[in-house]
Amino acid sequence: MAEISATAKLPPSGDKHVAERLWVIFVTGIIVLLVAVVVYTSVHLGFHPPSQVETIDSTALHTGGEFTEANLGTVIAPDGSAVVRVVAQQYAFVPNCIVVPAGKPVTIRVASADVVHGFIVQGTNVNAMVVPGYITTVHTTFQDPGERLMPCHEFCGVGHQAMWAHVRIVEASRFPTGADKQKAVNCAS
Ligand SMILES: [Cu+2]
């Protein structure tokens, strides 16, 4: 009788190992899933963190340099690609309607004149923060002509909800003339 009860008290070692194995499989599965999401969004959807760190004096954007008023808007390079320069400030983007060519590489460069802002263009990979003192650079290609909203998505003060711009995507052949002569254009051009 004594021998039988001693045997009955042994822990169920087989069950414990099965549970540990299941946890290892579960946790490994989560890691594989997270890596797959990072690879899919960066390779297939084109989501990249801004990696090129460029600094700028946010208190002097209007006094000279890249973000003076005449430079704000879109300029077309000889290869047909576009560079868009935008200033984000409480509580507007300047210009508040940007025009870009469809099907061409577009580089958007944004600087803040005051506090932290953000911008997102719905239905695209454009989604970034604008931190004072730094230039935010985003690369994208807008496929289809049309109009999209570009709201500020970082709370920047009492007027934040009114801070948004339009992105007008037009056929490259119908782009406003002058943008290819280093003259920045916007929707009003
Ligand atoms: Cu804002």
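Computed from a prediction, not measured in an experiment: that's the story for all the values here.

**Student:** Lay out the overall build of the protein chain in plain terms, naming residues and giving numbers.
**Tutor:** Across its full length, the protein chain carries two helices and 11 strands. Taken over the C-alpha trace, the protein chain has a radius of gyration of 26 Å; the compact-globule value for 189 residues is 16 Å, which it surpasses by more than 25%. Principal-axis analysis of the C-alpha atoms places the extent of the protein chain at approximately 100 × 35 × 30 Å. For the protein chain, with 189 residues in total, the buried portion stands at 34%. A total of about 11600 Å² of accessible surface is found on the protein chain, and carbon and sulfur atoms cover 62% of it. Of the side chains in the protein chain, 11 bear a positive and 14 a negative charge, and the two mean positions are spaced by 5 Å.

**Student:** Pulling in residues and values, what's your account of the pairing of strand β5 (residues 97–101)?
**Tutor:** Along β5, five of the five residues are buried, which leaves the element largely enclosed by surrounding structure. Of the two faces of β5, the one lined by C97, V99 and P101 and the one lined by I98 and V100 are each fully buried. Looking at chain direction, β5 and strand β11 (residues 164–170) are connected through five bridges and run parallel. Note on β11: the bridge partner recorded for P101 is V170.

**Student:** Now, about the pattern of salt bridges: what can you tell me, with residues and values included?
**Tutor:** For the structure shown, the criterion picks out four salt bridges. As a salt-bridge pair, R85 and E66 come within 2.6 Å of each other at their nearest N and O atoms. Of this pair, R85 sits in strand β3 (residues 82–89) while E66 is found in the loop between β1 (54–55) and β2 (73–76), placing the two residues 19 residues apart along the sequence. A relative accessible area of 24% means that E66 is categorised as partly exposed. One salt bridge connects R168 with E147, and the closest N-O pair in it is separated by 3.1 Å. You can see R168 sitting in strand β11 and its partner E147 sitting in strand β10 (residues 146–151), a full 21 residues away along the chain.

**Student:** Hey, could you go over the sheet that holds β11 for me, with residue numbers and the actual values?
**Tutor:** Taken in spatial order, the three strands line up as β5-β11-β10 in an open sheet, and their pairing is mixed. Whereas interior strands pair on both sides, the edge strands pair on one side only; in this sheet they are β5 and β10. Averaged over all pairs of adjacent strands, the angle between strand axes in this sheet comes to 25 degrees, irrespective of strand direction.

**Student:** Summarise the coordination of the copper ion; cite the residues concerned and give the values.
**Tutor:** Donor atoms from the polypeptide that bind the copper ion are H117 (ND1), C152 (SG), C156 (SG) and M163 (SD), placed at 2.2 to 2.4 Å. Taken together, the four donor atoms surrounding the copper ion define angles of 93 to 123 degrees at the centre, an arrangement classified as tetrahedral. Here C152 falls in the buried class, since its relative accessible area comes to 6%.

**Student:** Help me get a handle on the nonpolar core, residues and values and all.
**Tutor:** With 31 residues, the main nonpolar core has F93, I108, F119, F142, M150 and V167 as its most contacted residues. Broken down by secondary-structure element, the contributors of at least two residues to this core are β3, β5, β6 (105–112), β8 (127–130) and β11. Here F119 is in contact with F93, I108, V110, V126, N127, A128, V130, T136, V138, M150, P151 and H153, once residues within four sequence places are set aside. Grouped together as the second largest cluster of nonpolar side chains are six residues, L61, V87, A111 and I135 included.

**Student:** Give a detailed account of a nonpolar patch on the surface, specifying residues and quantitative values.
**Tutor:** Together, W23, F26, V27, I30, I31, L34, V35, V39 and V43 line one region of the surface with nonpolar side chains, adding up to about 900 Å² of accessible area. By the secondary structure assignment, V27 is in helix α2 (residues 13–44). For V27, a relative accessible area of 40% corresponds to the partly exposed category.

**Student:** Requested: an account of the packing of aromatic side chains, with residues and values cited.
**Tutor:** What the rule picks out here adds up to one aromatic pair. Ring plane angle 75 degrees and centroid distance 5.7 Å describe the contact between W23 and F26, whose orientation is recorded as edge-to-face. With a gap of three residues between them, W23 and F26 both fall in helix α2, about one helical turn apart. Residue classification places W23 among the exposed positions, given a relative accessible area of 57%.

Parameters at a glance
- Residues numbered from 1 in each chain as written.
- Predicted model: local features only at pLDDT ≥ 70, side-chain atom pairs only at ≥ 80, totals over all residues.
- Heavy atoms only, no water.
- Helix = DSSP H or I, 4+ residues; strand = E, 2+ residues; numbered from the N terminus.
- Rg over C-alpha atoms; globule rule 2.2 N^0.38 Å.
- Buried < 20%, exposed > 50% of the residue type's maximum accessible area, 1.4 Å probe, protein only.
- Areas by Shrake-Rupley, 256 points an atom, 1.4 Å probe, with all protein chains shown as cover.
- Lys, Arg positive; Asp, Glu negative; His and termini not counted.
- Charge placed at Lys NZ, Arg CZ, Asp CG, Glu CD.
- Pairing = 2+ DSSP bridges.
- Salt bridge = Lys/Arg side-chain N within 4 Å of Asp/Glu carboxyl O.
- Axes fitted to C-alpha atoms, helices over the stretch in contact; angles between N-to-C directions.
- Donors = N, O, S within 2.8 Å, 3.2 Å for Na, K, Ca; no water.
- Tetrahedral: all angles 85-135°; square planar, octahedral: opposite > 155°, others 65-115°.
- Core = buried A, V, L, I, M, F, W, Y, C linked by side-chain atoms within 4.5 Å.
- Contact = heavy atoms within 4.5 Å.
- Patch = residues over 30% accessible without salt bridge, like charges linked within 9 Å, V, L, I, M, F, W, Y side chains within 5 Å.
- Phe/Tyr/Trp six-rings, centres within 6.5 Å; stacked < 30°, edge-to-face > 60°.

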